[in-house]
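The primary structure of each chain is shown beneath.
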Amino acid sequence: ERSRGLGDVYKRQILFSERKHSLNIRSVVFHLLGDTLSSVGVIGGAVIIYWTDNVLIDAVIGILIGSMVIRWAYLLLVESVHILLEATPVDINSDEIVNRLMREVNGIINIHDLHIWELTSDVRMMTAHVVIDDMPVSRSMAIIDEITGILRENYGIHHTNIQIECSEGGCSHQTDDEDQIKM
């Protein structure tokens, strides 16, 4: 019986430490808090009713607990809808990311069509078109590696799809009919 109690304490500690990272964990924590609050409210209300004979305390405690549960449910619902709509995470500023990448990564001329969204509460994704000068593929891959490193370390974006484009007039394009592959 005692080991079960220690296990529950350990589980609660894990849940509370991870609640900021996962919507699922946050919902479990809110559920546990609601259950705990309900139990404390029932016991506290019973004691107050026993000593004061004031049965309205039961309704007041029920309304307070219900109000808190409704508020927590609303917060979870708002975050769930935000994720389902694949909106930009609230703590991400796209302009700040573009400015930082332009400032810190050599070889970038422009960044456009930048889209950042959350697939789940702990999985962020980004797509972007990055304009660079004409350079070897190996150098353009190094630019992608620098970009993904900055995004991973500073913004928690681990999944990226970066399309490299050459600046206008910077890349050679073959347009003659004889240079095109014939099918």
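Up top you'll find the structure we're talking about.
Analysis parameters
Residues numbered from 1 in each chain as written. Predicted model: local features only at pLDDT ≥ 70, side-chain atom pairs only at ≥ 80, totals over all residues. Heavy atoms only, no water. Axes fitted to C-alpha atoms, helices over the stretch in contact; angles between N-to-C directions. Helix = DSSP H or I, 4+ residues; strand = E, 2+ residues; numbered from the N terminus. Parallel < 35°, antiparallel > 145°, perpendicular 65-115°, else oblique. Contact = heavy atoms within 4.5 Å. Nonpolar A, V, L, I, M, F, W, Y, C, P; charged D, E, K, R; others polar. Pairing = 2+ DSSP bridges.

### Some words on the packing of helix H2 (residues 23-52) against helix H3 (residues 56-84)
And step 1. Here H2 crosses H3 at 175°, and the two axes come no closer than 9 Å. Taken together, H2 and H3 sit at an angle that is classed as roughly antiparallel. In this structure, H2 contributes Leu 23, Arg 26, Ser 27, Phe 30, Leu 33, Gly 34, Leu 37, Ser 38, Gly 41, Gly 45, Ile 48 and Ile 49 to the contact, and H3 contributes Ile 57, Asp 58, Ile 61, Ile 65, Met 68, Trp 72, Leu 76, Glu 79, Ser 80 and Ile 83.
And step 2. Looking at side-chain class alone, the contact of H2 with H3 contains 13 nonpolar, 6 polar and 3 charged residues.

### Comments concerning the sheet that holds strand E1 (residues 108-120)
And step 1. Taken in spatial order, the 3 strands make up an open sheet running E1-E2-E3, and their pairing is mixed. Edge positions in the sheet fall to E1 and strand E3 (157-166), since each has one partner strand and no second. Looking at each pair of strands side by side, their axes are set apart by 15° on average, direction ignored.
And step 2. Sheet topology places E1 next to strand E2 (residues 123-132); 9 bridges connect them, and they run antiparallel. Looking at E2, one finds that Glu 118 is bridged to Arg 124.
And step 3. Its contacts with the sheet place helix H5 (residues 137-155) against E1, E2 and E3, and it is angled at close to 150° to E3.

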